[in-house]
Structures are given as structure tokens and as C-alpha cells.
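# A look at the structure
The chain contents come next:
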Amino acid sequence: MKIGVVGAGAWGTALAQVAAAKGDAVTLWALEPEVVASINDAHENSLYLPGVTLSPTIRAVDDLAALADCDALLVVVPAQHLRAVLRRLPRGEAALLLCAKGIEAGSGLLVSQVAQQERPDAPIAVLSGPTFAHEVAAGLPTAVTLACADAELGQRLVERIALPAFRPYLSDDVIGAEVGGAVKNVLAIACGVAEGAGMGLNARASLISRGFAEMTRFGRALGARAETLSGLSGLGDLVLTCSSTNSRNFSLGKGLGEGARAADLLANRRTVAEGAFTAPVLRDVARRLEVEMPIVEGVCALLEGTVDVADMTGMLLARPLRSE
Ligand SMILES: NC(=O)c1ccc[n+]([C@@H]2O[C@H](COP(=O)([O-])OP(=O)(O)OC[C@H]3O[C@@H](n4cnc5c(N)ncnc54)[C@H](O)[C@@H]3O)[C@@H](O)[C@H]2O)c1
Ligand SMILES: O=P(O)(O)OC[C@H](O)CO
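Residues numbered from 1 in each chain as written. Chains lettered and ligands numbered in written order. Predicted model: local features only at pLDDT ≥ 70, side-chain atom pairs only at ≥ 80, totals over all residues. Heavy atoms only, no water.

### A word on the side chain of E214
Formally: Going along the chain from the N terminus, every DSSP run of H or I of four or more residues is numbered as a helix, and every run of E of two or more is numbered as a strand. Contacts between residues were defined by any pair of non-hydrogen atoms, one from each residue, lying within 4.5 Å.
Topologically, E214 is positioned in helix α8 (residues 201-221). Among all residues touching E214, those that are not within four sequence positions of it are E292, M293, P294, I295 and V296.

Dropping the structure here:
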């Protein structure tokens, strides 16, 4: 199975390294010419994954047409750019393994739903789970969910990307795998806020737990299965992302908790904090589905600057007492 990777941020680069680990050639499309040059000349992505020596079998390209002969494409551009990039991909039979975590602004669609609209004939799968790119690139033990409605294709993809320290679990619940990855980014912002404002570890654990209840309600409303939401791509990724400043979403929240404005924290940043873009559209979809997501509502209000941290905390704590 000839693999191409679309998007050479930290995660696309780490996944190219995974795909190249068995010695196969991997074509990696990068948006930025300096990233193409850095990978081909120095075997390093000095912009997005500095300090990691990449396999010499990874060839970076700046032209999406170079991916035309691939059997499978790992699509790793941020959710808000996915549709535009899919429109420019060469037409073909390649399976799309979608690796971004988010919900598209405007449409309210998950990544797989965007892909189905843009590439209705392409076989689709989703890769998600607790995966800091630099740890995967360093070969540290990692387990992920690979979700695909077509069990045979899913099995082939699992076997193609599995490594001794990179362990994919196969699922057929595509929506469930995506909901976890999209919602956890917003909840990680909330946990970062608690960290930045010095609210303590009890507050963080409560946000993870009550946030998981929000994720589960939302996922169930979209048809996700409960066991997917409590698996690697749901609870697993929620725990990871809510626990470390290695997470861009958690770090963004920490800055908010320390009193910075969202616009200042987001201005001129090169790396993506998907939760900031997913939050308002997640809130809108949840309201439409009549799913209660008070933590997500609070994160949105804070990002929009309509409340401060004290207001947000007060609103969450003052909600009516209820059973768990
Ligand atoms: N970094 C991680 O540890 C990690 C792990 C799992 C999933 N993800 C997900 O993977 C996706 C990509 O994140 P990342 O961490 O690789 O990115 P990144 O933050 O390292 O880099 C930003 C990426 O966005 C791309 N980009 C910017 N503007 C663009 C445009 N107009 N069109 C197309 N691409 C554009 C850049 O070229 C670059 O590839 C996100 O959805 C993220 O949530 C990231
Ligand atoms: O740095 P974050 O917050 O985008 O998180 C990266 C991965 O999604 C963690 O699984």
C-alpha cells in the first residue's frame, strides 16, 4: 500500500515517520516551501517538528499532484482547511485516512462528513486517539483508534500503519471516533483555564469528568457508541489533552486563565489550537440538537470575551444542583 501524507505540520510529519518506519517510500505534501526544503535537504521539519531526524525515505513535495499514485492518503491538514485541500487533491481511488480533530465552521460537519461531501467516491477512515506528535515521532508507546465502516479496508490500514510501539485498535464507529477528538480539544481549553487561574487539581478532575458527560451526550445525539466515547479516541484523548501544557489547546486555556485575551493568544500563531475554532460551532450544533454542554458554553463565552474567568467559573458552579 503506497502511502501519501497531506499536511506536514507536527502530526502529519510524525505520521509520515510512522508510515516510513518499515522502509517504504512515503510522499509528504507540505504547504510551506521552507518545510519541503527542510525535509528533503536536512531530513528534519525544522518548522513544525524540530529536533526529530526523519526517515530518508520520506520525500516532501509542494504539489498535490505528486500524490496521484498513492493507494492511501493520510489527510492531516487542520479541520478548517480540509475542504479546500480536498478540492485540490488529484482524483483517484486512494482511501482517505482522516487525522484532523475538529468540526468545520459554517457547516457544523465532522471531518468525515466534509470528506464525504467533497470526495463521495473515496473510501474513508478516521485515525484518532491520545497522540502527542513529538512522542509518536520519538517512538514512544502509543495506542490509537482507527475507525472505518469497511472492515476489510480498516484491517489493511491497521496492518499498514501498526508498529511495535504504535498500536491501532480497529473500530467501525467513525462518528464516535471523531466526536471524541473534536470535543476534547474544547474541554482541554477549560482545563487549561483552571490551571492558569490556579483552581487546583480537584477542579481539573471535575472538568474532565463532567466534560466527558458532555462529550457522551453530544456523541450519543450524533449516533456515536458509548464504548467508542470511553475508548482511546474519547476518554483516552480527553485525559491526555487535559493534563499537559504539551497540548496547544490546554496551553491556550492556561493563557486565558492567567488573564490574557484570546485574540492576543491566537494572533500570529503558526501551530493550530483546533479547540478555538471548534468551540463556537460545537456550541451551535449542540444547541440545535438540544444537548446541554455548559463547559463548552463557558469556553465559548471566554474565547469571545463576553465573560471573564471568574464569571465562567461562577456560572458553572452556580448551576442547579442535580444528580450525577
Ligand atoms: N500535533 C499533534 O500532536 C496532533 C496529534 C493528533 C492530531 N492532531 C491534529 O492534526 C491536525 C493538524 O495538526 P498539526 O499539529 O499537524 O498542525 P501544526 O499546528 O503542527 O501545523 C499547522 C498546520 O496547518 C497547515 N496549514 C496552515 N494554513 C493552511 C492552509 N491554508 N491550508 C492547508 N494547511 C494549512 C500548516 O501547513 C501545518 O501543516 C489538527 O487537526 C490536530 O488537531 C495533532
Ligand atoms: O496539542 P493539542 O491540544 O492539539 O493535542 C494534540 C493531540 O490531539 C493529542 O492527542
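Next comes the rest of the description.
### Section: the site of ligand 2
Using the following cut-off: Near residues are defined by distance, with any heavy atom within 4 Å of the molecule or strand qualifying the residue. Two N or O atoms form a polar contact when they lie within 3.5 Å of each other; inside protein one atom must be a possible hydrogen donor and the other a possible acceptor, and for residues adjacent in sequence the pair counts only when both atoms belong to side chains. Accessibility throughout is a Shrake-Rupley quantity obtained with a 1.4 Å probe, and a residue counts as covered only by protein chains that appear here. Residues are grouped as follows: Ala, Val, Leu, Ile, Met, Phe, Trp, Tyr, Cys and Pro are nonpolar; Asp, Glu, Lys and Arg are charged; every other residue, Gly included, is polar. Domain limits in this description derive from either an automatic procedure or a database domain assignment.
Close to ligand 2 lie 13 residues; K184, D237, S247, R248 and N249 are nearest. A distance of 2.9 Å separates an oxygen atom of ligand 2 from a polar atom in the side chain of K101. Here an oxygen atom of ligand 2 sits 2.6 Å away from a polar atom, N or O, in the side chain of S247. Notes on ligand 2: free accessible area 310 Å², of which the protein chains cover 92%. Mapped by element, the contributors of at least two residues to the shell around ligand 2 are α10 (232-241) and α11 (248-257). Within the shell around ligand 2, the residues separate by chemical class into three nonpolar, six polar and four charged. Structurally, the shell around ligand 2 is a two-domain feature, drawing no fewer than three residues from each of domain 1 (3-172) and domain 2 (182-317).

### Observations regarding the UniProt feature "binding site: sn-glycerol 3-phosphate" (unreviewed entry) in the chain
For clarity, the cut-off: UniProt positions are given in the numbering used here, feature names are shortened, and annotations may be inferred rather than shown by experiment. Only protein chains enter the calculation, and the probe is 1.4 Å; a residue is then buried if its accessible area is under 20% of its type maximum, exposed if over 50%, and partly exposed in between.
Following the UniProt record, one finds the feature "binding site: sn-glycerol 3-phosphate" (unreviewed entry) at K101, G129, T131, K184, D237, S247, R248 and N249. Within the secondary structure layout, T131 lies in the loop between β6 (124-128) and α5 (133-137). On the accessibility criterion, T131 (11% relative accessible area) is buried. The contact partners of T131, leaving out residues within four places of it in the chain, are W11, K101, V136, T142, V144, D237 and L240. Mapped onto the secondary structure, D237 falls in helix α10. Setting aside chain neighbours within four positions, we find D237 in contact with K101, G129, P130, T131, G181, K184 and L232.

### What to know about the site of ligand 1
In the region of ligand 1, 24 residues are neighbours, and A10, W11, A133, V272 and E274 sit closest. The separation between an oxygen atom of ligand 1 and a polar main-chain atom of G9 is 2.9 Å. Between ligand 1 and H81, the relevant distance is 3.3 Å, taken from a nitrogen atom to a side-chain nitrogen or oxygen of the residue. Contact with the protein chains removes 87% of the 830 Å² of surface that ligand 1 exposes when unbound. With three residues, the top contributor of residues to the shell around ligand 1 is helix α1 (residues 10-20). Tallied by class, residues from the shell around ligand 1 come to 14 nonpolar, five polar and five charged. Both domains that meet at the shell around ligand 1, namely domain 1 (3-172) and domain 2 (182-317), each give it at least three residues.

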